[in-house]
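# Structure at a glance
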Amino acid sequence: MKLVSACLVGINCKYDGKSRICPKLVEMVKRGEAIPVCPEILGGLPTPRIPSEQKNDRVINKNGEDVTEQFNKGAEETLNIAQMVGATEAILKARSPSCGANKVYDGTFTHTIVDGDGVTAKLLKTHGIKVKTEEEIGV
Ligand code: SF4
């Protein structure tokens, strides 16, 4: 079983109230091979919401508010779901401060990319779950 970022399968949970649908991932969910999750919603944030980026081990939204607690809660709830369904892999949205793997935005809201993992991607990796982005798997 896999987890997949909910916004990649057409759930309108992105900060702007939209999704970024990848038809191949939708098919994966329909076949029962993947379960959609949105860590930011699981962490209690609304949709739409102010976009956030990671900076110095914190997550700060564009209004300067610290939303680290919600991001951490979302990561923990996502891990709960992963462990409940026995997920060994997650396909998550590239560069998101929650879901991004290996590359994320740098906290300046200037579209500058740096090495690093989103909060949820990092927690899943530390529990042995393989994390890939939709871009890495080419869908
Ligand atoms: Fe998509 Fe992840 Fe952001 Fe939710 S937290 S909108 S699943 S990238």
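Refer to the structure printed above.
In this convention, every chain numbers its residues from 1, walking through the sequence in written order. Side-chain atom pairs in this predicted model are given and counted only at pLDDT of 80 or more, local residue features only at pLDDT of at least 70, and totals for whole chains, interfaces and linings cover all residues. With hydrogens and water stripped out, all remaining heavy atoms of the structure feed into the side-chain values.

### Describing the site of the ligand
- Near is defined per residue: the residue qualifies when any heavy atom it owns lies within 4 Å of the molecule or strand. For the ligand, the set of nearby residues contains 14 residues, the closest of which are Cys7, Cys13, Cys38, Glu40 and Cys99.
- Amino acids outside the nonpolar list (Ala, Val, Leu, Ile, Met, Phe, Trp, Tyr, Cys, Pro) and the charged list (Asp, Glu, Lys, Arg) are all regarded as polar, and Gly is one of them. When grouped by side-chain class, the residues that make up the shell around the ligand number 7 nonpolar, 3 polar and 4 charged.

### Brief notes about the pairing of strand 2 (residues 34-37)
- Strands qualify as paired when DSSP identifies two bridges or more between them. The secondary structure listing takes helices from DSSP runs of H or I that are at least 4 residues long and strands from runs of E that are at least 2 residues long, numbered from the N terminus. Note that strand 1 (residues 2-5) and strand 2 share 4 bridges and pair parallel. Residue pairing in the sheet places Val4 in a bridge with Pro36 of strand 2.
- Of the crossover connections in this fold, the one passing from strand 1 over helix 1 (residues 23-30) to the parallel strand 2 is right-handed. Seen with the strands pointing away from the viewer, any crossover whose path from the first strand over the helix to the second strand runs clockwise is right-handed.

### Points about the sheet that holds strand 2
- On the basis of which strands lie adjacent, the open sheet formed by 4 strands has the order 2-1-5-8 and parallel pairing. This sheet does not close on itself; its edge strands, each paired only once, are strand 2 and strand 8 (130-133). Pairs of neighbouring strands in the sheet enclose a mean axial angle of 25°, with direction left out of account.
- Where strand 5 (residues 89-92) lies against strand 8, 4 bridges are found, and the strand directions are parallel. Paired with Ile91 across the bridge in strand 8 is Lys132.
- By definition in these notes, contact holds between two residues if any of their heavy atoms fall within 4.5 Å. Between N-to-C directions, angles span 0 to 180 degrees; the directions come from axes that are lines fitted to C-alpha atoms, helices contributing only their stretch in contact. Packed on one face of the sheet, helix 3 (residues 68-85) meets strand 1 and strand 2 and runs near 150° to strand 1.

### Some remarks on helix 3
- With 18 residues, helix 3 should cover 26 Å at 1.5 Å per step; its first-to-last C-alpha distance of 26 Å lies within 8% of that length.
- If you check which residues of helix 3 are buried, you get Thr68, Phe71, Gly74, Ala75, Thr78, Leu79 and Ala82. The buried residues of helix 3 occupy one face: seen down the axis, they fall within an arc of 140°. Projecting away from the buried face of helix 3 at angles above 90 degrees are the exposed residues Glu69 and Met84.
- In this structure, the buried side of helix 3 is in contact with strand 1, strand 2, helix 2 (39-42), strand 3 (52-55), strand 4 (58-61) and helix 4 (119-126).
- Just downstream of helix 3, Gly86 is the residue with a positive phi angle, here 70°. By this rule, a helix spans an expected 1.5 Å times one less than how many residues it contains. Relative accessibility thresholds used throughout: buried, under 20% of the residue-type maximum; exposed, over 50%; partly exposed, between the two (1.4 Å probe, protein chains only). The arc in question is the one spanned by the directions pointing from the helix axis to the C-beta atoms.

### Regarding the environment of Gly32
- Tracing the backbone through its elements, the reader meets Gly32 in the loop between helix 1 and strand 2.
- Taking the C-alpha atoms as reference points, Gly32 and Val85, 53 residues apart in sequence, are found 11 Å from one another.

### Let's talk about helix 4
- Those residues of helix 4 that sit buried are Val119, Thr120, Ala121 and Leu124.
- Residue Gly128 follows helix 4 closely and has a positive phi angle near 80°.

Note that all results are geometric; they support no functional claim without further evidence.
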